[in-house]
Amino acid sequence: MRNTYEIVSYHSAHKRQVAKLQSYLWTQDASLAARYFEWKYEENPYLQTPLIYLAFQGRELVGMRGFYGAQWELGRPREVYSVLVADDLVISPRHRDRGLVTLIMKAAFEDLAKRGYRHVFNLSGGRVTVMGSLAMGWKSAGALEPIDLRSGTTFHRRLREFLTQKRFFWRYAGSPLFHSTAEREPFARFDRMSRLRANGSILLACEPRPDAMSELVVRLGHDGRIRHIRDREFFAWRFRNPLGIYRFLYLGDSQLDGYLVLKCAHPGALEPNKVKIVDLEATQPVQRTELLEVAIKSGRFAELFAWGATLPVDTGPYLSANGFRPADLESRAHGCPCVLVRPVSPKSVDSDWVLGDRRLTDLANWDMRMLYTMAG
Amino acid sequence: MSIGDDLTKLIESWNLRMPDKWDDNSSLVRSGILDSLALYQLILWIEKQIGKPVDPTQFDLANELDSITDILLFVEKNRAS
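Cut-off values and rules
- Residue positions within a chain follow its written sequence, with the count starting from 1.
- Both sets of labels track the order of writing: A upward for chains, 1 upward for ligands.
- In keeping with the predicted nature of the model, local features appear solely for residues at pLDDT of at least 70, side-chain atom pairs appear and are counted solely at 80 or more, and the whole-chain, interface and lining totals rest on all residues.
- We count a stretch as a helix when DSSP gives it H or I for four or more residues in a row; a strand needs E for two or more, and each element gets its number in order from the N terminus.
- For the radius of gyration, the atom set is restricted to C-alpha positions; the globular benchmark scales as 2.2 Å times the number of residues to the power 0.38.
- Buried means a residue has 20 or more other C-beta atoms within 10 Å of its own C-beta, exposed means 12 or fewer, and partly exposed covers the counts in between; C-beta atoms are placed from the backbone.
- Throughout, a pair of residues is in contact if the C-beta atoms placed from their backbones lie within 7 Å.
- A set of buried residues qualifies as a nonpolar core if it consists of Ala, Val, Leu, Ile, Met, Phe, Trp, Tyr and Cys joined through C-beta atoms within 7 Å.
- Following DSSP output, two strands are said to pair if at least two bridges run between them.
- Note on handedness: a clockwise path from strand one over the helix to strand two, with the strands aimed away from the viewer, defines a right-handed crossover.

(A) Examining the overall build of chain B more closely. Tallying secondary structure elements over chain B gives four helices and zero strands in all. In sequence order, the secondary structure elements of chain B are arranged as α-α-α-α. By the compact-globule yardstick of 12 Å for 81 residues, chain B fits well, its C-alpha radius of gyration being 12 Å. Oriented by its inertia axes, the alpha-carbon framework of chain B measures out at about 35 × 30 × 20 Å. Out of the 81 residues in chain B, the part that is buried amounts to 27%. Contacts in chain B between residues at least 24 apart in sequence constitute 65% of all its contacts with a sequence separation of at least 6.

(B) Molecular detail of the nonpolar core. Residue and element names in this part refer to chain A. Grouped together as the largest cluster of nonpolar side chains are 117 residues, with contacts concentrated most on Leu 249, Tyr 259, Leu 260, Leu 291 and Val 339. Element by element, the count of residues in this core is highest for helix H3 (residues 100-114), at seven residues. Sequence-distant contacts of Val 339, defined by excluding residues within four places in its chain, comprise Phe 121, Leu 123, Ser 140, Ala 141, Gly 142, Leu 144, Leu 363, Trp 366 and Met 368.

(C) A look at unusual backbone geometry. Residues and elements named next belong to chain A. The omega torsion of the bond from Arg 76 to Pro 77 falls at 0 degrees, within 30 degrees of zero and hence cis. Here Pro 77 shows up in the loop between strand S4 (71-74) and strand S5 (79-82). With an omega dihedral of -10 degrees, the bond running from Cys 336 to Pro 337 counts as a cis peptide bond. Within the fold, Pro 337 resides in the loop between helix H12 (329-333) and strand S17 (338-343). Its identity as a non-glycine residue notwithstanding, Glu 145 has a phi of 50 degrees, on the positive side. By the element assignment, Glu 145 lies in the loop between strand S8 (139-143) and strand S9 (146-150). Accessibility expressed as a C-beta count within 10 Å gives 19 for Glu 145, which makes it partly exposed. Although it is not a glycine, Asp 328 sits at a positive phi angle of roughly 45 degrees. Mapped onto the elements, Asp 328 comes out in the loop between strand S16 (325-326) and H12.

(D) Quick peek at the pairing of strand S14 (residues 275-282) of chain A. Residue and element names in this part refer to chain A. In terms of burial, S14 is a largely internal element, eight of the eight residues being buried. The pairing of strand S13 (residues 256-265) with S14 spans six bridges and is antiparallel. Its bridge partner being in S14, Leu 260 is matched across the sheet by Leu 280. Since S14 and strand S15 (residues 303-307) lie parallel, the crossover through helix H10 (residues 285-299) that links them has a hand, and here it is right-handed.

Structure representation (structure tokens):
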């Protein structure tokens, strides 16, 4: 059969098919996939109409790429830009290696250019996606340098590693049976501790405080690097992510002196269940350290994970001194994860790689946090 | 078998939608023939040849690995260094 594909823009009638296709990427739970889609694309505060490009063969949806809305601030004086984030690239296995990604992206860029977009970012692509993107003219601003702190799970981890190398048994390595309690329920200890006031002034909580968090971000000011807007609306939307479970450490009372946000994946998500530091703010370095100390000690997480590249200058050495080590070494050796950027126009000139007064391809111009990406 | 023959055989084994006529100088990357997964496998093959990891974010992948000739040149250059 000849493989002819039709690339079309998303319409609400496609929602069920999209959720089904995303069982390869998001979750195999259809209702959870639908809820995630609605949150990410339909309730997105920065883009009212989902911009998703679908590849059909006949009536079958065989590939897609989504672009979700995001709003960035940068420069001095501060300027605000809407730059979409490319995500959710899935090609049905039977249709891989047939040039379908190129077809989808070509159609997407033509449409985005017509809509007036000048740049797109890609912030949480895996190695295969990054490779394909680089081939299509994206550039990496720099690697995000994953780091982690592991504790108390050597036995289970080694058992899983052993099983993955064994015929037949490899398929059971992901079973909850071969995970420690701390891995199965990453926030169990944290939640028990949250009933106490962990350390005089730090409160452990399950709920976000969008007003107080955004007020702190404004009070702390902005150094001009590229960062996502973190206003009340963003926080209120962001922590409703159905594929994430969030916990919060607050320093201060009605007016915050600092906060730290942790995330682990929903049990139904197709994502390793590590605990991630996705955002951290404080008025003073010593308060950042206090928040991190409480996160490390109160959680005793099997794996506490962060991106090291754009941490505040005092935070990296503190985490190293407390046992954090380079993580995901295989990805690191290949420059992943990274911030990928691309002008929408296929014939880009040097000035197209600049946004406001910032060169996009220099990681020093980014204040990158996991919360700005779907990793967080 | 030469390294060039090995590479040609590997690419042919991926069952890609190759044009009817192609040779060592035909564009594979910029033309979109090599998809993400094929590129990933290509990088693994290059790593095996040069004996070290290849970070594709550090060079212009679309130009430096565009054809079989380019890929072999890349292997030669990185082996030497």
